[in-house]
Every structure is written in structure tokens, then in C-alpha cells.
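# A look at the structure
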Amino acid sequence: MENTFVLDEYTLQKGWGSEEQYWFSVNTYHIRNHYEFADVERPEDMSETEFMLSMGYIPYFRVSRIELAKAYINAVGSEKLKSKLNAVESDSDYIEAFWKYYNAYPHLAEGYEEFQNNYLIKKAVDWCDDNGIKFVVK
């Protein structure tokens, strides 16, 4: 029987993990945390990524907080706000400024949660398509 990956609240939540924290088995369609492989011996001449790929795992999709904040501002922010935030140099300062404006301007809060959910689903769907993974969204 062919595997079908279920994109649901649980699997989508894993998309918030840190880079290379979660790995996806192309054989079983299960997501595993990289800590689960801590006891697996890997050849010294292989990087973690090479090793995981050799075992049939690919990096799971990931959405960072900064990526989401920038996408949201680009989608709903005014040109003035976009300009102010684009002038912020570091990611941590951008996030801090984003939340400052988010809390100061109530219209930014309208639809944020829906945008976040849709963004996460789109990233997951794109990742599935890019990797030839059959999926269903629940």
C-alpha cells in the first residue's frame, strides 16, 4: 500500500522546529527528531546530513519566526511600515519591532492567526510537492 502523509495540527507543528531538528523518512512517512538518532553510530567521514540521507531521511520543512513575520508584513503591512521594518538590521530586532507594531496597531492582529495557519500549510504542501510526497491536509 502506498504511503500518504497526513498534514494535520501535529505534523504542521513540527514545521516550527529548528533547522535540521526534524527529519522525514521517505520510507515510512514518519517524522523523527534528530535527538532520536543520538545513539546511532555514524561514520566519522560523514556529516549528519549525509548520514541521515543515507538512511532514507530528508530534512523536514521549516518555517522560522522571522520568515513568517516578514511574509505577514509584506502581505498586510502598509508601505510605511514595510519600509520601517526593512530598515531593521538584525533578525532579533526585526522580531521585536514586529511585535511592537503588532501590539500598537490592532488591524495587524486581524487575520494574523489565519495567515499563520495558511502560510504553514502552504510551506508544507510545497515541501511535499518538491519531494514527491503524497499527502492529504486534515
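Our subject is the structure listed above.
Residues numbered from 1 in each chain as written. Predicted model: local features only at pLDDT ≥ 70, side-chain atom pairs only at ≥ 80, totals over all residues. Heavy atoms only, no water.

What follows deals with the packing of helix α4 (residues 79–86) against helix α5 (residues 91–104). Following both chains from N to C, one finds α4 and α5 inclined at 150°, their axes separated by 10 Å at the closest point. On the basis of the axis angle, α4 is roughly antiparallel to α5. Remark: the crossing between α4 and α5 carries right-handed chirality. Contacts between α4 and α5 involve Leu-81, Lys-84, Leu-85 and Asn-86 from the former and Tyr-94, Ala-97, Phe-98 and Tyr-101 from the latter. Taken together, the residues that form the contact of α4 with α5 break down as 6 nonpolar, 1 polar and 1 charged. (Axes fitted to C-alpha atoms, helices over the stretch in contact; angles between N-to-C directions. Helix = DSSP H or I, 4+ residues; strand = E, 2+ residues; numbered from the N terminus. Parallel < 35°, antiparallel > 145°, perpendicular 65-115°, else oblique. Left-handed = near helix turned anticlockwise from the far one by under 90°. Contact = heavy atoms within 4.5 Å. Nonpolar A, V, L, I, M, F, W, Y, C, P; charged D, E, K, R; others polar.)

Compared with the 27 Å implied by 1.5 Å per residue over 19 residues, the 27 Å span of helix α7 (residues 112–130) between its first and last C-alpha is a close match. For α7, the set of buried residues is Tyr-112, Phe-115, Tyr-119, Leu-120, Ala-124, Val-125, Trp-127 and Cys-128. Looking one or two places after α7, you find Gly-132, whose phi comes out positive at around 65°. (Expected span 1.5 Å × (residues − 1). Buried < 20%, exposed > 50% of the residue type's maximum accessible area, 1.4 Å probe, protein only.)

For the rest of this paragraph, the subject is the sheet that holds strand β4 (residues 57–59). Read from one edge of the open sheet, 3 strands run β3-β2-β4, paired in antiparallel fashion. Since the sheet does not close on itself, it has two edges, and those belong to β3 (31–33) and β4, each with one partner. Taken pair by pair, the neighbouring strands of this sheet meet at an average axis angle of 40°, ignoring direction. Two strands pair when backbone bridges link them, and strand β2 (residues 22–25) and β3 are joined in this way by 3 bridges, in the antiparallel orientation. Opposite Phe-24, over in β3, you have Ile-31 as the bridge partner. (Pairing = 2+ DSSP bridges.)

Moving on, we get to the nonpolar core. In globular proteins that are soluble, nonpolar side chains generally tend to be buried together. Membership of the largest hydrophobic core comes to 35 residues, with the highest contact counts inside it found for Phe-5, Phe-24, Tyr-60 and Trp-127. Of all the secondary structure elements, the ones that give two or more residues to this core are β1 (5–7), β2, α3 (65–76), α4, α5 and α7. When residues in this core are grouped by element, the largest group, 8 residues, is from α7. Sequence-distant contacts of Trp-127, defined by excluding residues within four places in its chain, comprise Phe-5, Phe-24, Ile-58, Pro-59, Tyr-60, Phe-61 and Ile-133. (Core = buried A, V, L, I, M, F, W, Y, C linked by side-chain atoms within 4.5 Å.)

Under the counting rule described, the total for this entry stands at 20 aromatic pairs. Here the aromatic rings of Phe-24 and Trp-127 are separated by 5.1 Å at their centres, their planes lie at 90°, and the arrangement is edge-to-face. Residue Phe-24 is found in strand β2, and its partner Trp-127 is found in helix α7; the two are separated by 103 residues along the sequence. Residue classification places Phe-24 among the buried residues on the basis of a relative accessible area of 0%. A cation sits over an aromatic face here: Arg-65 above Trp-16, 4.3 Å from the ring centre. (Phe/Tyr/Trp six-rings, centres within 6.5 Å; stacked < 30°, edge-to-face > 60°. Lys NZ or Arg CZ within 6 Å of the ring centre and 35° of its normal.)

Topologically, Leu-108 is positioned in helix α6 (residues 106–109). Here Leu-108 falls in the buried class, since its relative accessible area comes to 0%. The spatial distance from the C-alpha of Leu-108 to the C-alpha of Val-76 is 7.4 Å, given a sequence separation of 32 residues. Excluding anything up to four places from it in sequence, Leu-108 contacts Tyr-72, Val-76, Leu-81, Tyr-101 and Tyr-102.

This next bit is on the pairing of β2. On β2, burial covers both faces: Tyr-22 and Phe-24 on one face and Trp-23 and Ser-25 on the other are all buried. Note: β2 against β4, 3 bridges, orientation antiparallel. Looking at the pairing, Trp-23 lines up with Pro-59 of β4.

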